[in-house]
Amino acid sequence: MAERIDLTAPAVRWLREKGTLREPTVLQSFAFDEVHHHLYVLQLTPGGRAAGDLCLNRLDLTGRRLGHMYLKGFGHGVAMGVQHGADGTVWIWTETDAVDGYGRGVTRFRFAPGATRTTGDVNIRHPVEGSRTNQPALCPVTGRIAVRYRLGGTPRYRVWDLAAFTARDYAAGLADLAQTGTHPDPAAPFQGFALHGDHLYQLAGSAYDPRANPPAGHGDTHVSCLDIRTGELLARHRTEAAYSLRHREPEGLAVRTTGGTPHLYLGFASGDRGARKFSIYYK
């Protein structure tokens, strides 16, 4: 089973203050296509928060944009995943069916440069009946999918075998656990999660603020790890990664394995409103 990533390890800069996304808004989440060496990044469109309108960017691994598409009414883009089908098809997993800006379900679709998709163009899945704020993340190592959801206002995670989930067999879930331990301050914004093996990683924290979260303190960003088998909080650590950024808001988590070693990638937004840039560091 995949080893647990050390959250106390120093963060390493990978991409720094890239202004290559289609829209001038912050990144919300990102995921890797290791086969084709692509980085996918979700962001809200300007003025699209309430409707859940997203822009999906495809980049190379230097941050150069290769294409984009729009997703109307899909959600907030807190997490996403990339799946490689047996026939070579690349599927993008996101939330969809937005109400009040957050998805009530999830979907998968193919990337189509320059295209616009609405919720009527995709097959919507509602794996947890009656839930809101659904967001998917995939683990390629184990072939699993995790969906973060809210039921009765309480955030939880549920994990399935991806093949069973794709076949709409939602009854045989592998795990269901509470979202817990994200931050010492329960009011701190939740900013993303990633699944890798039996471990679920969480990101929480605020943008810099002169009073509540001043740059001199190097930020309140925390990363944490849950054991999906027990729901136990295994680790939580404040990270000063990218502390020199202006604005510095944590946005998105992803895991990739290079040289046989898993790395946890953390996204950060920076720059002025209307001209945001993104940076990605890893542990």
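To be clear, the structure that these remarks concern was listed above.
Here's what I pulled together on the structure shown here. (Residues numbered from 1 in each chain as written. Predicted model: local features only at pLDDT ≥ 70, side-chain atom pairs only at ≥ 80, totals over all residues. Heavy atoms only, no water.)

This part is about unusual backbone geometry. Notably, Asp 97 is not glycine yet its phi reads approximately 60°, a positive angle. You can see Asp 97 is positioned in strand 7 (residues 90–99). Classification of Asp 97 by relative accessible area gives buried; the value is 14%. (Helix = DSSP H or I, 4+ residues; strand = E, 2+ residues; numbered from the N terminus. Buried < 20%, exposed > 50% of the residue type's maximum accessible area, 1.4 Å probe, protein only.)

With that settled, consider the packing of aromatic side chains. A complete count under the given rule lists 13 aromatic pairs for this structure. Taking the centre distance of 6.0 Å and the plane angle of 90° together, the rings of Phe 74 and Phe 109 count as edge-to-face. Of this pair, Phe 74 sits in the loop between strand 5 (65–72) and strand 6 (81–84) while Phe 109 sits in strand 8 (residues 102–109), and the two are 35 residues apart along the sequence. For Phe 74, a relative accessible area of 0% gives the class buried. Their ring planes at 70° and their centres at 6.3 Å tell us that Trp 160 and Tyr 170 sit as a pair that is edge-to-face. Of this pair, Trp 160 sits in strand 12 (residues 154–161) while Tyr 170 sits in the loop between helix 1 (162–166) and strand 13 (175–178), placing them 10 residues apart in sequence. Overall, Trp 160 belongs to the buried group, its relative accessible area being 0%. (Phe/Tyr/Trp six-rings, centres within 6.5 Å; stacked < 30°, edge-to-face > 60°.)

This paragraph deals with the pattern of salt bridges. In total, this model carries 11 salt bridges according to the counting rule given. Of the charged contacts, one joins Arg 256 and Glu 34 as a salt bridge, the two residues approaching to 2.8 Å between their closest N and O atoms. One end of the pair, Arg 256, is in strand 18 (residues 249–258); the other, Glu 34, is in the loop between strand 2 (27–33) and strand 3 (38–44), and 222 residues separate them in sequence. The buried category is assigned to Arg 256, whose relative accessible area is 10%. In this structure, Asp 198 and Arg 229 form a salt bridge, with 3.3 Å as the shortest nitrogen-oxygen distance. Of this pair, Asp 198 sits in the loop between strand 14 (190–196) and strand 15 (199–204) while Arg 229 sits in the loop between strand 16 (222–227) and strand 17 (233–238), and the two are 31 residues apart along the sequence. When salt bridges that share partners are traced, they join Arg 144, Asp 198, Asp 227 and Arg 229 into one network. (Salt bridge = Lys/Arg side-chain N within 4 Å of Asp/Glu carboxyl O.)

Take the sheet that holds strand 20 (residues 277–282) next. Hydrogen bonds along the backbone pair up the strands of a sheet, which may run parallel or antiparallel. Strand order in this open sheet of 4 strands is 1-20-19-18, and the pairing throughout is antiparallel. Only two strands of the sheet have a single partner each, and these edge strands are strand 1 (12–18) and strand 18. Taking each pair of neighbouring strands and ignoring which way they run, the sheet shows an average axis angle of 15°. (Pairing = 2+ DSSP bridges. Axes fitted to C-alpha atoms, helices over the stretch in contact; angles between N-to-C directions.)

A word on the environment of Val 128. Inspection of the secondary structure puts Val 128 in the loop between strand 9 (116–118) and strand 10 (132–139). Judged by its relative accessible area of 4%, Val 128 is buried. Each C-alpha atom of the pair Val 128 and His 183 lies 26 Å from the other, and the pair is 55 residues apart in sequence. Apart from residues no more than four positions distant in its own chain, Val 128 is found in contact with Tyr 149, Leu 151, Arg 158 and Trp 160. (Contact = heavy atoms within 4.5 Å.)

Reading across the sheet, the 5 strands line up as 2-3-4-5-9 and stay open at both edges, with mixed pairing between neighbours. Edge positions in the sheet fall to strand 2 and strand 9, since each has one partner strand and no second. For this sheet the average axis-to-axis angle between neighbouring strands, irrespective of direction, equals 20°. Bridge analysis of strand 4 (residues 54–60) against strand 5 gives 6 bridges, and the strand direction is antiparallel. Bridged to Leu 56 within strand 5 is Met 69.

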